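Descriptive structure summary
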Amino acid sequence: MTRKRTGLPRLPHLLGIEGLSPETISGLLDLSENYIDQNRSLDKRRDLLAGRTVINLFFENSTRTRTSFEVAAKRLGADVINMDVATSSVRKGETLLDTAMTLNAMRPDAIVVRHHESGAVNLLSQKVNCTVINAGDGQHEHPTQALLDALTIRRRRGRLQGLLVAICGDIMHSRVARSNIHLLQIMGARVRVVGPPTLMPTDIERMGVEVHYGMKSGLKDVDIVMMLRLQTERMQGSFVPSISEYFRFFGLDHEKLKLAKPDALIMHPGPMNRGVEIDSEVADDLDRSVIHEQVEMGVAVRMACLEALIGGRRNAIGAVA
Amino acid sequence: MSGNVVRSAAPHSGSTAYINARLVDPAANREYDGALLISDGKIADFGPNLFASGAPFGIHSIDCRGLYLAPGLVDTRVHTGEPGEEHKETLDSAAVAAAAGGITSMVLLPDNEPPFDDASLIEFVARRARQIRLTNMYAYGALTVGLEGKELAEMGLMAEAGAVAFTDADHAVASAQVMRRALYYAKAFDALIVHLPQEPSLSGGHMSNGEVATRLGLAGNPPLAEVMMVERDVRLLEMSGGRLHLAKISTAESVQAISTAKSRGLKITCDTAPPYFALNDLAVGDYRTFGKLVPPLRAEKDRLAIVEGLKDGTIDIICSDHRPQDQDSKRVPFAQAEPGGIGLETLLPVSLELVHNKQLGLPQLFHRLSTAPAQLFGLPGGKLAKGAPADLVVFDVQHAWKIDRADFWSKTKNSPFDERPVQGRVMATIVGGRTIYRDDAFAKEAATA
């Protein structure tokens, strides 16, 4: 198999979107496209990663992301081990780095890590000599989510360049928002963040985004509406007064959606709180909502990332010609 | 001497002219002899030359005979007992007292039982105001649920229902984190937050710290409790960039701190109430519980600083801080007495002392009593302007009398100004062109015009 070198930098890990070049991102998205058809066919399995070991190390509960990574790695023929942290020695007081080095000694090719602390995945990556993929660290980054969002948008709109995207809701606590802000701007899209000031991180405008505290101005003429999940513990008076007030002013319903472009797409990283950040009618609107498509793209994007990171002989990123 | 509250179902229609008046125009910082014409409840015209050639023919006209005519008072700090403690004051009795006090709009504090932390209670006040139809009534929404200073109240929904600002009334928000989030959250609705700056952990006493408290053997609140909270709030405001109004400023240090914050360009405003520029802690005297207030009456040097703050504009607003308490709440040992004093009917006469003492001009005084509060809270009225609602007060600036609690329209009589000789009296109160209160002396004049 001849693999065309694209001159992309060697990426030992995928820790975040920040700092990636547009070429790298485009390369990963192009690579993902190949897998969409494969995933839709009867024979979904390749042996590109046969003999490789991928460990899913999740310190935070996740069903969809872990499953998505597991499906992706298995379809490429890798051996997948899911580390159930709830019963592991982490609970017995082992430090993150001890866990990392123990797993490293088992010679995996990649560790996919989710951790509730920002920066934890980065720290772990410094102590292992295999590839580390960030599946979400605290409120920092969730790079594969941003890539799957980008793939979804690109397939629907044909491009990312020049689009106006509103990311709405709990920006402060969202790693999805941060990764998307980086990716969309690297690819030449314009980003607005929309939400109550209590859920807006300080100086977010320094990341190059437009800040809006109301959906009316925030959704005006946007191409994409990206809703974020509001965690239950933040709804009851601490960051916002109540669910009903949040839904009234920041929940996406058809009334507010009218302000966006008539063909604006609706996205949500899931899992959704229906009636909190998004109205059921909108979420289930087949013409506008691409929420299920995002999940499908997730598998393709993660296959592409695995291929790019550990698929070659030298663990270097490359795109298929 | 007495007056009458005028209840009428019909809105003002047609035209009414007030002639031979001395007009007070706070926005233009002027006072002059002139006339004012009301048409269909709104100010149609006014000025020194209006009807200068004599009373207009065919228009109902009222001869003010040199009395002052000014925008009606806008009182942003009124507590009533409705709902919850109707035996102390109802919305109706408060509206009557306000009418007698020259107050054409008032904003009701949310610390009732239940507290106004829900849109339905804001709507309740609006409904009662439509039924009572005297002074205009608006309501604050609670800043936090149950005024407990913990969870944010539904500011957005209450603002939609008509809440004009948000406050926890006389409860200070102890947690800096909650206050910070409140200031941030309010930005989404450009809502005004009103906060009483008193550090709660230092405010457990019964009067201000100092010689008088020591002699009386009463636990004192240090004036420091106020400026500490002012400074905390200023820092939080600087970070959040919201709109903050500090209530009932009572100490010299607070005035200084707010003045500094204003000079740094922050969107901060503040108010005080007559007790803090007209009384000091000596008024507690012989354990007079009518002098027990929140914040407590301060030392003379603080009182003088409040007057200075009013003069130089550091203090934007004077409000009545009306808080009725019945005998059971006040005829008890000082430490057990409930704090608060009524103020609707004494707001204008006591504030006029600042004019008689040559500390403020009349237009300046009415800026603090009417124009500034209307502007800050986004209420109609509070100004002489064509097209503005005809919310006005006619008053006699010279009339000398003695405040007597037996004459109050309020249900309760707990005024710290009882028996105080004052100069200046409300002659008529006009809301939307309709006279809602008329002093007997003025009734005679008007009838002969």
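Please read these numbers as outputs of a predicted model, since none were measured by experiment.

**Describing the overall build of chain B**
Helices and strands together make up the secondary structure of chain B, namely 14 helices and 20 strands. For 449 residues, the compact-globule estimate of 2.2 N^0.38 gives 22 Å, and chain B sits close to it at 21 Å. With the principal axes as the frame, chain B shows a C-alpha extent of 65 × 50 × 45 Å. Taking all 449 residues of chain B together, the buried fraction comes to 62%. Put simply, of all contacts in chain B between residues at least 6 apart along the chain, 75% involve residues at least 24 apart. Within the structure as shown, chain B displays about 16100 Å² of accessible surface, and the carbon and sulfur contribution to it stands at 50%. Averaging the coordinates of the 45 positive side-chain charges in chain B and doing the same for the 54 negative ones gives two points 2 Å apart.

**Here's the deal with the pattern of salt bridges**
Considering all chains together, one arrives at 42 salt bridges over all chains under this definition. One salt bridge in this structure joins glutamate 70 of chain A and arginine 66 of chain A, with 3.8 Å as the shortest N-O distance. Within this pair, glutamate 70 of chain A and its partner arginine 66 of chain A are both found in helix H2 (residues 64-75), separated by 4 residues, close to a single helical turn. In this structure glutamate 70 of chain A comes out as buried when scored by relative accessible area, which is 17%. A salt bridge links aspartate 170 of chain B to arginine 77 of chain B, with the shortest nitrogen-to-oxygen separation between them at 2.9 Å. In this pair, aspartate 170 of chain B sits in the loop between strand E11 (166-167) and helix H4 (176-187) while arginine 77 of chain B sits in strand E7 (residues 73-78), placing the two residues 93 residues apart along the sequence. Under the relative-accessibility criterion, arginine 77 of chain B is labelled buried at 1%. Through salt bridges with shared partners, a single ionic network connects Arg77, Asp111, Asp170, Lys248, Asp321 and Arg323 of chain B.

**Structural notes on the nonpolar core**
Ranked by size, the top nonpolar core spans 132 residues in total, and within it Leu252 of chain A together with Met106 and Phe395 of chain B carry the most contacts. When residues in this core are grouped by element, the largest group, 8 residues, is from helix H1 (residues 91-100) of chain B. Excluding its chain neighbours within four sequence positions, the residues that come into contact with phenylalanine 395 of chain B are Leu67, Tyr68, Ala70, Leu348, Leu352, Leu362, Phe366, Arg425, Val426 and Met427 of chain B. Counting 62 residues, the second-largest nonpolar core is a separate cluster that includes Leu20, Leu29, Tyr35 and Cys305 of chain A.

**Some points on the environment of arginine 298 of chain B**
Residues and elements named next belong to chain B. Within the secondary structure layout, arginine 298 lies in the loop between helix H8 (274-278) and helix H9 (300-312). If near-sequence neighbours (up to four positions away) are discounted, arginine 298 is found in contact with Gln198, Ser208, Asn221, Pro222, Pro223, Glu226, Ser250, Thr251, Asn280 and Asp281. A polar contact of 3.0 Å, which involves the side chain of arginine 298, links it to the side chain of serine 208.

**Examining the packing of helix H6 (residues 224-240) of chain B against helix H7 (residues 252-263) of chain B**
All names here are of chain B. Interhelical geometry of H6 versus H7 gives an angle of 15° and a closest axis separation of 8 Å. When the axis of H6 is compared with that of H7, the two are roughly parallel. Considering only the axes of H6 and H7, their crossing is right-handed. On H7, the residues that touch Glu226, Val227, Val230, Glu231 and Val234 of H6 are Glu253, Ser254, Ala257, Ile258 and Ala261.

**Quick notes on the sheet that holds strand E8 (residues 224-227) of chain A**
Residue and element names in this part refer to chain A. Across the sheet, which stays open at both edges, the 5 strands sit in the order E7-E6-E5-E8-E9 with parallel pairing between neighbours. Each end of this open sheet is capped by a strand with a single partner; those strands are strand E7 (210-212) and strand E9 (265-267). The sheet shows a mean angle of 20° between the axes of neighbouring strands, direction not considered. As defined by bridge partners, strand E6 (residues 190-194) adjoins E7 across 3 bridges and the pair is classed as parallel. Among the inter-strand pairings, arginine 192 is bridged to a residue of E7, identified as glutamate 210. Across the sheet, helix H5 (residues 143-157) is in contact with E8 and E9; its angle to E9 comes to roughly 165°.

**Digging into the sheet that holds strand E12 (residues 192-195) of chain B**
One open sheet holds the 6 strands; their spatial order is E10-E11-E12-E15-E16-E17 (chain B), and the pairing between them is parallel. The open sheet has two free edges, formed respectively by strand E10 (141-142) and strand E17 (317-318) of chain B, since each of these has just one partner strand.

**Remarks on the side chain of serine 289 of chain A**
All names here are of chain A. Among the structural elements, serine 289 can be located in the loop between helix H10 (280-283) and helix H11 (291-311). A distance of 2.8 Å separates the side chain of serine 289 from the backbone oxygen of alanine 283, its partner in a polar contact. Within the structure, serine 289 has its side chain in polar contact with the backbone nitrogen of isoleucine 291 (distance 3.5 Å). Filtering out sequence-adjacent residues up to four positions away, serine 289 remains in contact with Ile266, Val282 and Ala283.

**Structural notes on the packing of aromatic side chains**
Residue and element names in this part refer to chain B. In the structure shown here, the tally under the stated rule is 7 aromatic pairs over all chains. With centroids separated by 5.8 Å and ring planes inclined at 85°, the aromatic side chains of tyrosine 140 and phenylalanine 377 adopt a geometry described as edge-to-face. Here tyrosine 140 is found in the loop between strand E9 (136-139) and E10, whereas its partner phenylalanine 377 is found in helix H13 (residues 362-377), with 237 residues between them in sequence. For the pair formed by tyrosine 140 and phenylalanine 377, the shared burial category is buried.

**Some words on the interface of chain A and chain B**
Taken together, the contacts link 16 residues of chain A with 15 residues of chain B. The junction of chain A with chain B conceals about 1400 Å² of combined surface from both sides, 59% of it contributed by carbon and sulfur atoms. Taken together, the connections running from chain A to chain B amount to 1 salt bridge. Note that glutamate 160 of chain B and arginine 248 of chain A form a salt bridge whose closest N and O atoms lie 2.4 Å from each other. Linking chain A to chain B there are 8 residue pairs in polar contact (both at pLDDT 80 or more). Its residues assigned to classes, the side of chain A that touches chain B comprises 8 nonpolar, 6 polar and 2 charged.

**A word on the pairing of strand E4 (residues 131-137) of chain A**
All names here are of chain A. Judged by how many residues are buried, E4 sits mostly within the fold: 7 of 7 residues are covered. In this structure, strand E3 (residues 110-115) lies alongside E4, joined through 5 bridges in parallel fashion. Note that in E4 the partner of valine 112 across the bridge is isoleucine 133. Running through helix H4 (residues 120-125), the crossover from E3 to the neighbouring parallel element E4 is right-handed.

**Here we look at unusual backbone geometry**
All names here are of chain B. A cis amide bond, omega 0°, links glutamate 82 with the succeeding residue proline 83. Tracing the backbone shows proline 83 in the loop between E7 and H1. In this model, valine 294 is joined to proline 295 through a cis peptide bond whose omega is -10°. One can find proline 295 in the loop between H8 and H9. A positive phi angle, close to 55°, is found at tyrosine 287, a residue other than glycine.

**A few points about the confidence of the model for chain A**
Summary statistics for chain A give a mean pLDDT of 90 and a share of 92% for residues scoring 70 or more. The low-confidence segment residues 1-9 of chain A (pLDDT under 50) makes 14 contacts with residues lying over four places distant or belonging to another chain.

Analysis parameters
Within each chain, residues carry numbers counting from 1 in the order of the written sequence. Throughout, the order in which chains and ligands are written sets their labels, letters from A for the former and numbers from 1 for the latter. A pLDDT threshold of at least 70 governs which residues receive local features in this predicted model, and a stricter bar of 80 or more applies before side-chain atom pairs are shown or counted, although totals over entire chains, interfaces and linings include all residues. No hydrogens and no water enter the side-chain calculation; it runs on all heavy atoms of the structure. Think of it this way: any DSSP run of H or I at least four residues long counts as a helix, any run of E at least two long counts as a strand, and we number them from the N terminus. Atoms counted for the radius of gyration: C-alpha only. Globule rule: 2.2 Å times residue count to the power 0.38. Working definition: with a 1.4 Å probe on protein chains only, accessible area under 20% of the residue-type maximum means buried, over 50% means exposed, and in between means partly exposed. Any two residues whose heavy atoms approach within 4.5 Å are treated as being in contact. Residue burial considers only the protein chains on display, and all accessible areas are found by Shrake-Rupley using a 1.4 Å probe. In this tally, Lys and Arg are treated as positive and Asp and Glu as negative; His is ignored, and so are the chain termini. A single reference atom marks each charge: NZ on Lys, CZ on Arg, CG on Asp, CD on Glu. Put simply, a salt bridge is a Lys or Arg side-chain nitrogen that is within 4 Å of an Asp or Glu carboxyl oxygen. For this analysis, a nonpolar core means a set of buried residues of the types Ala, Val, Leu, Ile, Met, Phe, Trp, Tyr and Cys, connected via side-chain atoms within 4.5 Å. Definition of a polar contact: a pair of N or O atoms within 3.5 Å, with one able to donate and the other able to accept a hydrogen when the atoms are protein atoms, and with sequence-neighbouring residues admitted only if both atoms are side-chain atoms. Only the stretch in contact is used when fitting a helix axis, every axis being a line fitted to C-alpha atoms; angles between N-to-C directions are given from 0 to 180 degrees. Roughly parallel means an angle under 35 degrees; roughly antiparallel means over 145; roughly perpendicular covers 65 to 115; every other angle is labelled oblique. Each crossing is labelled by how the near helix is turned from the far one, with a counterclockwise turn of less than a right angle marking it left-handed and a clockwise turn marking it right-handed. We treat two strands as partners when DSSP finds at least two bridges between them. Geometry of aromatic contacts follows a simple scheme: Phe, Tyr and Trp rings, the Trp one being its six-membered ring, pair when their centres are within 6.5 Å, and the pair is stacked under 30 degrees between planes, edge-to-face over 60, tilted otherwise. Two parts placed together each lose some accessible area under a 1.4 Å probe, and the buried area is that loss summed for both. Residue classes follow a fixed rule: Ala, Val, Leu, Ile, Met, Phe, Trp, Tyr, Cys and Pro count as nonpolar, while Asp, Glu, Lys and Arg count as charged, and any other residue, Gly among them, counts as polar. Convention used here: a crossover is right-handed provided that the path from the first strand, over the helix, to the second strand proceeds clockwise when the strands point away from the viewer. In predicted models, pLDDT denotes the confidence assigned by the predictor to each residue on a 0 to 100 scale.

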